[in-house]
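Close look at the chain arrangement
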Amino acid sequence: MRNFVLLSVLMVLSLCSCHNNKAEVSQSAGITAEMAYEGVNNYCHSQYDWSVAAENPDMIYVTMGEETDSDYQVVFRSYTGALVRFYVDKTSGTTRMVESVPALGVDSVAGTIDLHDYLEKKE
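1. Looking at helix α2 (residues 33-47)
Compared with an ideal rise of 1.5 Å per residue, which puts 15 residues at 21 Å, α2 spans 21 Å between its outermost C-alpha atoms and is within 8% of the ideal. All buried positions along α2 are accounted for by Ala36, Gly39, Val40, Asn41, Tyr43 and Cys44. Those residues of α2 that are buried are in contact with β1 (61-67), β2 (71-77), β3 (83-89), β4 (94-101) and β5 (106-114).

2. Observations regarding the sheet that holds β3
Pairing within the open sheet is antiparallel, and its 5 strands lie in the order β1-β2-β3-β4-β5. With partners counted over all chains shown, the strands left at the sheet margins are β1 and β5, one partner each. The average undirected angle you get between the axes of adjacent strands in this sheet is 25°. Across the face of the sheet, α2 comes into contact with β1, β2, β3, β4 and β5 while running at roughly 145° to β1.

3. Concerning the nonpolar core
When a protein is soluble and globular, its nonpolar side chains tend to lie buried together. Core analysis: the largest hydrophobic core is formed by 19 residues, its most contacted members being Val40, Cys44, Phe76, Phe86 and Val88. Going through the elements one at a time, α2, β2 and β3 are the ones with two or more residues in this core. Top contributing element to this core by residue count: α2, with 4 residues. If near-sequence neighbours (up to four positions away) are discounted, Phe86 is found in contact with Val40, Tyr43, Cys44, Tyr72, Gln73, Val74, Phe76, Thr95, Arg96 and Met97.

4. Section: the confidence of the model for the protein chain
Mean pLDDT over the protein chain works out to 82, with 74% of the residues at or above the 70 mark. Per-residue pLDDT, averaged within each element of the protein chain, yields its smallest value for helix α1 (residues 2-28) (42) and its largest for β3 (98). Low pLDDT, under 50, characterises residues 3-10; the predicted model gives this stretch 0 contacts beyond four residues in sequence or across chains. Considering only residues more than four positions removed or in separate chains, one finds that residues 12-28, a stretch of pLDDT under 50, has 0 contacts.

5. Some points on the pattern of salt bridges
The final tally for this structure, using the stated rule, is 1 salt bridge. Note that Lys90 and Glu67 form a salt bridge whose closest N and O atoms lie 2.6 Å from each other. Of the two residues, Lys90 is situated in the loop between β3 and β4 and Glu67 in strand β1; the sequence distance between them amounts to 23 residues. On the accessibility criterion, Lys90 (16% relative accessible area) is buried. The class of Glu67 is exposed, set by a relative accessible area of 53%.

What counts, and at which threshold
- Residues numbered from 1 in each chain as written.
- Predicted model: local features only at pLDDT ≥ 70, side-chain atom pairs only at ≥ 80, totals over all residues.
- Heavy atoms only, no water.
- Helix = DSSP H or I, 4+ residues; strand = E, 2+ residues; numbered from the N terminus.
- Expected span 1.5 Å × (residues − 1).
- Buried < 20%, exposed > 50% of the residue type's maximum accessible area, 1.4 Å probe, protein only.
- Contact = heavy atoms within 4.5 Å.
- Pairing = 2+ DSSP bridges.
- Axes fitted to C-alpha atoms, helices over the stretch in contact; angles between N-to-C directions.
- Core = buried A, V, L, I, M, F, W, Y, C linked by side-chain atoms within 4.5 Å.
- pLDDT = per-residue confidence, 0-100.
- Salt bridge = Lys/Arg side-chain N within 4 Å of Asp/Glu carboxyl O.

In structure tokens:
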């Protein structure tokens, strides 16, 4: 009986150990394209006026851009025609923003955000 109890305890511990390792792997796996889009979309909805989108949804939107080995690009288009390109680091979630006004040919660095601050917590 004692061996059975010991064996049961060891099995439970090994199962718990496997579960924790899976959680650690998924957290360290980095940022997915879906996470990049979700975080940038949440940021844009919190920072920019979307009221004009009610009448004309094509005037303001968020879309995925190009992808490199290290970054996802997510593009926000303002109703004014300005574009903000968000370059999301796939490993850390650090996101740099570059604002451009195509009509004027002007690009400027607009700052950085931590994508994790704009992802919904899933528990």
